[in-house]
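# Observations on the three-dimensional arrangement
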Amino acid sequence: MSDDNWPTPLPRPGDDDETPGADASVFAVFAPPDDPPPSDEPLESGESSEAAALGVEPSGAGLSVRSGPPAASGVGTAVLGAGGADRVVGSRRRIGPLSWIGAVLLGVWLVAMPLTSSVTELRQNTQIIVMVLAVLGVNIATGYGGMISLGHGVFVAVGAFAAAYAVDDLALPWVLSILAGAAFAGVIGALVGLPALRIKGIHLALVTLGLAIVFQPLAKRVPAFSGGVSGRAVGAELVPPSWFGTSRWAEGLYHYLICLVVVGLAMWLTHNIIKSRPGRAMRAVRDNDTAAAVYGVNLVASRVSTFAVSASLAGLAGALGIVLVPFASQESYPFQESLVLYATAVLGGLGSLWGSVLGVAIREVFSRIGELLGDVSGLGPLGEFLRLLDEEQFVFGVLLVALTFVFPRGLIGMFNRRKT
Amino acid sequence: MNWNFEILPDFIFNGLRDGAVYAAAALALVLIFKATTLINFATGELAMLGAFFVYVLNIEQGLWLWLSIAIAMLVSAGIGAAVERALVRPFDPADHLPVVLITLGLFLIINAVAGDVWNYQVRRVNDPFGQFPSWVPNGSELKTSSEGTIACLENADGALAEVAPGTAGADMCEMVGRTFFEVIGARLHYRTIGTWIALALALIALAIILGKTKAGLAFRAVSSNTESARLVGVNTGRTLGFGWALASVFGTLSAALVAPALGGVNPNMMLTILIYALAGAALGGLDSLGGAVIGGLVVGLIKSVLVSWFGVVVLGQAYFSILQLATAFLLILIVLLFRPAGLFGTRRIERV
């Protein structure tokens with residue numbers, strides 16, 4: 001296919017980073033089924049745009065590539081809120097008012113929070129920030145890679161244990177230990193990614209859920225790595241340099257800043273991966289693996305590396321976790337944690353980087369509300385019910401069910417896209 | 001290598017007992033998968049809820065155990081049908097993801113609610129198959145020695161401790177002796193036999209329901225081809241609700257049978273059972289009812305004979321005991337990787 005054959009609206013390879021419609025499928029995910037069909041412009045449809053983003057004309061290969069679901073609706077963008085409102089399909093990259101508000105709120109919170117918090121609160125809030133990475137990991141595998149993962153809590157745990165092992169038993173410096181935690185989780189993730197080459201959809205959900213449930217009892221019995229039933233305390237401490245201050249608050253602030261920088265760097269890296277060739281390949285494989293293979297994507301490499309990247313993000317979250325709380329135990333990573341991570345990613349919006357941030361924010365808001373309501377006492381059976389709201393698991397279960405009802409087709413993006 | 005074949009029958013009996021429980025739980029999964037090609041991830045939690053109903057009725061309210069189990073099964077059937085009606089039917093069955101999310105949400109909700117109501121400690125339950133009825137000969141009588149002393153309790157060395165008749169020890173002997181037979185040198189526990197009988201009766205009932213009743217015919221029609229069934233006038237929605245009700249009954253049966261062996265009920269009791277049941281269902285083919293039963297039994301045998309007997313006894317590697325759950329997980333992985341249709345499943349599920 002020579003360059004002259006390109007229809008004019010199609011992008012050339014290499015200049016498609018900000019192509020309108022490059023994210024179409026991401027947003028189409030949230031579109032209700034009865035929306036008016038999109039215009040005939042090939043770029044407007046979800047799947048063909050992925051193919052286009054790879055630099056190939058979709059219909060050229062003789063494969064019938066179904067016209068994708070319609071473009072984002074108002075409801076869809078509202079759900080994505082701060083994350084997605086700026087990227088309505090068909091428009092140039094514009095930053096909508098909702099995003100501005102979200103970004104300003106986030107910025108203000110990031111600055112004001114450490115200044116107004118006690119040491120304990122600061123630590124808790126830092127943990128919340130770190131949580132974004134784990135949710136982002138789920139998002140990469142499920143939202144961008146189309147491989148449902150109900151077991152990401154395992155990678156968080158593996159990252160934490162590996163970093164604890166590196167910093168204590170191998171006496172590595174913290175930087176290397178944290179990287180080792182992420183890398184080790186990535187290797188485990190690649191191993192888990194291997195079966196995902198053949199096992200898809202609901203079967204992969206089954207396998208990853210199995211992994212999440214099997215992990216805890218197994219980790220209990222490997223004391224050298226996980227500290228066994230009681231867990232392992234981390235001996236090494238990440239002490240700030242003396243010029244930074246020596247108070248406990250200064251230490252908390254130091255950890256906060258480090259975590260913030262690492263999370264920011266990781267998000268920036270992920271953003272770059274997603275916007276570059278591997279990321280486009282990832283999404284093309286998600287949308288139609290056969291077509292992607294025809295266009296020259298190496299399916300094995302793409303799936304395995306997607307899972308590795310997503311697991312190492314989760315592992316990084318685990319490794320940062322032991323900087324904040326120098327203790328790692330299988331108790332901290334029950335299988336429910338994996339399901340809640342998944343729910344958080346879905347809640348924030350799959351296939352959107354900022355969706356993960358939004359998901360964690362929603363999670364936090366609901367758990368705060370739950371805490372408040374759970375503290376109200378003396379209401380009898382109603383009080384019993386309110387106490388349930390303090391239970392994160394319960395709240396997430398309800399949110400998951402409710403969300404699925406509100407956007408029944410909205411969450412279909414991950415598998416069976418092509419089902420008629 | 002220590003090929004201790006003498007104790008092998010013990011492991012086989014145990015394996016088949018656990019396997020019967022897994023078979024019942026796997027049936028709960030397969031009944032739903034067969035009709036809708038959906039995996040109900042909340043199967044284990046719904047079953048756990050059923051076991052708690054038995055606990056409440058029997059221990060807290062003092063109802064007769066069998067009546068409690070029967071009521072719990074009926075209530076679970078109602079809950080299963082209600083879940084199908086309220087949470088599953090609104091969605092297009094061809095889209096898997098919404099229902100996966102719904103059942104995962106249910107998983108979290110039921111687990112949290114049960115944890116909130118009954119907290120996470122293990123609560124003892126009565127064993128439906130604790131002791132043989134009095135007309136069954138005492139299993140330990142075989143060991144009555146000539147001097148009139150009864151030898152029944154094994155001490156730490158494996159030797160028999162002798163006790164004099166009429167003492168507390170002899171009563172204990174009598175009690176323990178009433179829990180098992182001796183068959184080919186192994187203990188065949190009443191609990192084991194009872195579990196098998198319960199499963200067999202439930203399977204016969206299922207065969208009659210599916211084979212001889214109109215609702216069963218409708219279920220078979222829907223699971224064979226939903227569209228055609230609808231065209232010839234089968235009420236598919238109601239039939240699927242019926243399938244969920246049947247599945248919940250089997251789930252509750254498995255949970256009620258396994259609870260005494262676990263020491264009691266608690267909100268997380270079905271987690272590991274779910275993995276074994278998934279392994280059994282995957283091995284059997286996910287859409288084959290007979291396959292689920294055989295798969296469950298095979299998983300029980302693999303766990304007991306291959307891992308516990310061969311690994312721990314023959315190879316002498318104690319760490320094998322931690323690999324039981326991992327083996328079930330590996331089994332799921334291997335089956336789905338190399339033979340997604342399992343042993344008895346139809347091929348179509350490969351493309352799902």
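Residues numbered from 1 in each chain as written. Chains lettered and ligands numbered in written order. Predicted model: local features only at pLDDT ≥ 70, side-chain atom pairs only at ≥ 80, totals over all residues. Heavy atoms only, no water.

### With respect to the overall build of chain B
Our working rule: Secondary structure follows DSSP: runs of H or I at least 4 residues long count as helices, runs of E at least 2 residues long count as strands, and numbering of each begins at the N terminus. Throughout, exposure labels follow a simple rule: accessible area from a 1.4 Å probe, protein chains only, divided by the maximum for the residue type, with under 20% read as buried, over 50% as exposed, and the rest as partly exposed. Here, Shrake-Rupley sampling with a 1.4 Å probe gives the accessible areas, and only protein chains in the shown set may cover a residue.
Of the regular secondary structure elements, chain B holds 12 helices and four strands. Within chain B, buried positions represent 56% of all 352 residues. In the structure as shown, chain B presents an accessible area of about 14,600 Å², 65% of it carried by carbon and sulfur atoms.

### Some points on the overall build of chain A
Assigned secondary structure in chain A consists of 17 helices and two strands. Per-residue burial for chain A yields a buried fraction of 56% across its 420 residues. Approximately 17,100 Å² of chain A is accessible, and the part contributed by carbon and sulfur atoms is 65%.

### Section: helix H7 (residues 214–224) of chain B
Residue and element names in this part refer to chain B. Applied cut-off: Note that the arc is computed from the directions linking the helix axis to the C-beta atoms.
All buried positions along H7 are accounted for by Gly216, Ala218, Phe219, Val222 and Ser223. Taken end-on, H7 shows its buried residues confined to a sector of 160°, consistent with a single buried face. Exposed and facing more than 90 degrees away from the buried side of H7 are Lys214 and Ser224.

### Some details on the interface of chain B and chain A
The following threshold applies: Residue contacts follow a heavy-atom distance rule, with two residues in contact if any of their heavy atoms lie within 4.5 Å. Defined in terms of a 1.4 Å probe, buried area is the accessible area two parts forfeit on being brought together, summed over both. Each salt bridge in this description consists of a side-chain nitrogen of Lys or Arg and a carboxyl oxygen of Asp or Glu lying within 4 Å of one another.
Taken together, the 45 residues of chain B in the interface contact 45 residues of chain A. Interface of chain B and chain A: buried area, both sides summed, is about 4,200 Å²; carbon and sulfur atoms make up 79% of it. Its largest share of buried area at the contact with chain A, chain B owes to Leu97, Leu108 and Asp116 of chain B, together 16% of the area lost on that side. Linking chain B to chain A there are zero salt bridges.

### So, the nonpolar core
Here is the rule: For our purposes a nonpolar core is just a set of buried Ala, Val, Leu, Ile, Met, Phe, Trp, Tyr and Cys residues, chained together by side-chain atoms within 4.5 Å.
Judged by nonpolar contacts, the single largest core of 192 residues is most densely connected at Tyr342 of chain A together with Phe41, Phe250 and Met269 of chain B. Among residues more than four places away in sequence, those in contact with Tyr342 of chain A are Val138, Thr142, Ile148, Ser149 and Leu150 of chain A together with Leu97, Leu101 and Leu104 of chain B.

### Some words on the packing of aromatic side chains
Rules: Each aromatic pair joins two rings of Phe, Tyr and Trp (for Trp, the six-membered one) with centres within 6.5 Å, and gets the label stacked for planes under 30 degrees apart, edge-to-face for over 60, and tilted for any other angle. Each ring is checked for a lysine NZ or an arginine CZ that lies within 6 Å of its centre and within 35 degrees of its normal; such an atom marks a charge sitting over the ring.
Applying the stated criterion across every chain yields a total of 16 aromatic pairs over all chains. Through pairs of rings, three or more aromatic residues link up here, namely Phe161, Tyr165, Phe184, Phe225 and Tyr333 of chain A. Just above the ring of Phe396 of chain A sits the side chain of Arg363 of chain A; from NZ or CZ to the centre is 5.7 Å. If you follow Lys303 of chain B out to its NZ or CZ, it ends over the ring of Tyr276 of chain B, 5.0 Å from the centre.

### Here we look at the pairing of strand E4 (residues 186–189) of chain B
Residues and elements named next belong to chain B. Applied cut-off: For two strands to count as paired, DSSP must find a minimum of two bridges between them.
The side-chain alternation of E4 yields one buried face, formed by Ala186 and Leu188, and one unburied face, formed by Arg187 and His189. Pairing of strand E3 (residues 180–183) with E4 involves four bridges; the strand directions are antiparallel. Pairing of Glu182 across the sheet is with Arg187, part of E4. Between E3 and the antiparallel strand that follows it, E4, lie two residues; Ile184 among them carries a positive phi value of about 35°.

### Notes on the environment of Ala190 of chain A
Residues and elements named next belong to chain A. Here Ala190 lies in helix H7 (residues 174–193). Residues Ala190 and Gly137, spaced 53 residues apart in sequence, show a C-alpha to C-alpha distance of 13 Å. Other than its neighbours up to four places away in sequence, Ala190 contacts Val304 and Ala308.

### Some remarks on a nonpolar patch on the surface
All names here are of chain A. The condition is simple: Surface patches are defined over residues having more than 30% relative accessible area and no salt bridge, joining like charges when they lie within 9 Å and nonpolar side chains (Val, Leu, Ile, Met, Phe, Trp, Tyr) when within 5 Å.
A contiguous nonpolar patch, built from Tyr165, Leu170, Leu172, Val175, Leu176 and Leu179 and spanning about 540 Å² of accessible area, is present on the exposed surface. The greatest single-element share of the nonpolar patch, amounting to three residues, is contributed by H7. Mapped onto the elements of the fold, Leu172 is located in the loop between helix H6 (152–168) and H7. A relative accessible area of 31% means that Leu172 is categorised as partly exposed.

### Things to note about the side chain of Arg17 of chain B
Residues and elements named next belong to chain B. Among the secondary structure elements, Arg17 is positioned in helix H1 (residues 8–36). Residue Arg17 is classed as buried on the basis of its relative accessible area of 14%. Ignoring anything within four residues of it in the chain, the contact list for Arg17 reads Arg191, Thr192, Thr195 and Trp196.

### Focus on the environment of Leu170 of chain A
Residue and element names in this part refer to chain A. For Leu170, the position within the fold is in the loop between H6 and H7. For Leu170, a relative accessible area of 47% corresponds to the partly exposed category. Residues Leu170 and Tyr342, spaced 172 residues apart in sequence, show a C-alpha to C-alpha distance of 33 Å.

### What about the pattern of salt bridges?
For the structure on display, the rule yields 11 salt bridges over all chains. Among the ionic pairs, Asp289 of chain A bridges to Arg303 of chain A, the shortest N-O distance being 3.1 Å. Taken together, the positions of Asp289 of chain A in helix H12 (residues 289–294) and Arg303 of chain A in helix H13 (residues 299–324) put the pair 14 residues apart, joining distant regions of the chain. Arg303 of chain A matches Asp289 of chain A in its accessibility class, with the two residues each being buried. Note that Glu337 of chain A is salt-bridged to Arg363 of chain A, the shortest N-O span being 3.8 Å. Residue Glu337 of chain A is found in helix H14 (residues 335–348), and its partner Arg363 of chain A is found in helix H15 (residues 353–375); the two are separated by 26 residues along the sequence. In this structure, a network of salt bridges that share partners links the residues Arg17, Asp18 and Lys303 of chain B.

### A short note on the environment of Ala245 of chain B
Residues and elements named next belong to chain B. Summarising the element assignment, Ala245 is placed in helix H9 (residues 236–258). The buried category is assigned to Ala245, whose relative accessible area is 14%. Spatially, the C-alpha atoms of Ala245 and Val222 are 15 Å apart, while their sequence positions differ by 23 residues.

### Re the confidence of the model for chain A
All names here are of chain A. Definition in use: Every residue is assigned a pLDDT by the predictor, reflecting its confidence on a scale from 0 to 100.
Residues at a pLDDT of 70 or more form 71% of chain A, whose mean pLDDT is 73. Every residue in residues 1–92 scores below 50 in pLDDT, and together they form 158 contacts with partners more than four places removed in sequence or on other chains. Across residues 409–420 the pLDDT falls below 50, and counting only partners more than four positions away or on other chains, this stretch makes 42 contacts in the model.

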